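# Structural description and commentary
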Amino acid sequence: MVLLFIKMKIMTKKILFIEDEAALQKAVTGALAGAGYAVFSALNGDDGIRIVKSEMPDLILLDLMLPQKNGFEVLEALKKDAATAAIPVIIMSNLEGAGDVDRALALGATTFLVKMNYKLDDVVAKIKEAIGGA
């Protein structure tokens, strides 16, 4: 009997965090890296779109209030592009009006998190819920 072993490379799941607040970006990026994810970050909407297209992350964490392109514009652009439309997007914003939540979900966001209502562990749990562990 001949046994054939195939060595498979385990791929770390990639997350892009598009957030213009440096302190929050650093904290969330650290928590996600600690959970085993490969994390990329962008400080504005234009850079976020560029990084999505070059890195093709497994999930995007997206703030709505961003310089250059706001989060709604980023989300709309990503969902209109066949190459990026299927990537889950979790909105993480301080905007919490029903209109903002409804608009983000209508544009294709997976989940809407109000920043002040969630701890870092909760954010990591939501990501694991959406794409599984790293």
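Cut-offs and rules
Residues numbered from 1 in each chain as written. Predicted model: local features only at pLDDT ≥ 70, side-chain atom pairs only at ≥ 80, totals over all residues. Heavy atoms only, no water. pLDDT = per-residue confidence, 0-100. Contact = heavy atoms within 4.5 Å. Salt bridge = Lys/Arg side-chain N within 4 Å of Asp/Glu carboxyl O. Helix = DSSP H or I, 4+ residues; strand = E, 2+ residues; numbered from the N terminus. Buried < 20%, exposed > 50% of the residue type's maximum accessible area, 1.4 Å probe, protein only. Arc of directions from axis to C-beta. Polar contact = N/O pair within 3.5 Å; in protein donor to acceptor, adjacent residues only side chain to side chain. Pairing = 2+ DSSP bridges. Right-handed = clockwise from strand over helix to strand, strands pointing away. Axes fitted to C-alpha atoms, helices over the stretch in contact; angles between N-to-C directions.

So, about the confidence of the model for the protein. The predicted coordinates should not be examined in detail at positions where pLDDT is low. On average, the protein scores 90 in pLDDT, and the residues at 70 or more come to 91%. Confidence over residues 1-9 falls short of pLDDT 50; this stretch has zero contacts with residues more than four positions distant or in other chains.

What follows covers the pattern of salt bridges. Side chains that carry opposite charge are capable of pairing whenever their charged atoms lie near each other. Inspection of the entire model under this criterion finds seven salt bridges. Between Lys-115 and Glu-19 there is a salt bridge whose closest N-O contact spans 2.7 Å. Remark: Glu-19 occurs in the loop between strand 1 (14-18) and helix 1 (22-34) and Lys-115 occurs in the loop between strand 5 (111-114) and helix 5 (120-131); sequence separation between them is 96 residues. The exposure class assigned to Glu-19 is buried, which follows from its relative accessible area of 0%.

Here we take up helix 2 (residues 45-55). Among the residues of helix 2, those classed as buried are Gly-45, Gly-48, Ile-49, Ile-51 and Val-52. For helix 2, the buried positions fall inside an angular range of 165° around the axis, keeping them on one side. At the N-terminal boundary of helix 2, the capping side chain belongs to Asn-44, with an oxygen 3.1 Å from the backbone nitrogen of Asp-46. Of the residues flanking the end of helix 2, it is Met-56, one or two places downstream, whose phi is positive at about 45°.

A few words on the pairing of strand 1. Here strand 1 lies mainly inside the structure; four of its five residues are buried. Summarising the sheet, strand 1 and strand 2 (residues 38-42) pair through five bridges and their orientation is parallel. Residue pairing in the sheet places Ile-18 in a bridge with Ala-42 of strand 2. The β-α-β motif built from strand 1, the intervening helix 1 and the parallel element strand 2 has right-handed crossover chirality. As defined by bridge partners, strand 1 adjoins strand 3 (residues 59-62) across four bridges and the pair is classed as parallel. In the strand pairing of strand 3, Ile-15 is matched with Leu-59.

Bringing the sheet that holds strand 2 into the picture now. Pairing is parallel across the open sheet formed by five strands, whose spatial order is 2-1-3-4-5. Looking at which strands have only one partner, the edges of the open sheet turn out to be strand 2 and strand 5. In this sheet, adjacent strand axes meet at a mean angle of 20° when their direction is disregarded. Across the sheet, helix 5 lies against strand 1, strand 3, strand 4 (89-93) and strand 5, angled at about 145° from strand 3, the strand it touches most.

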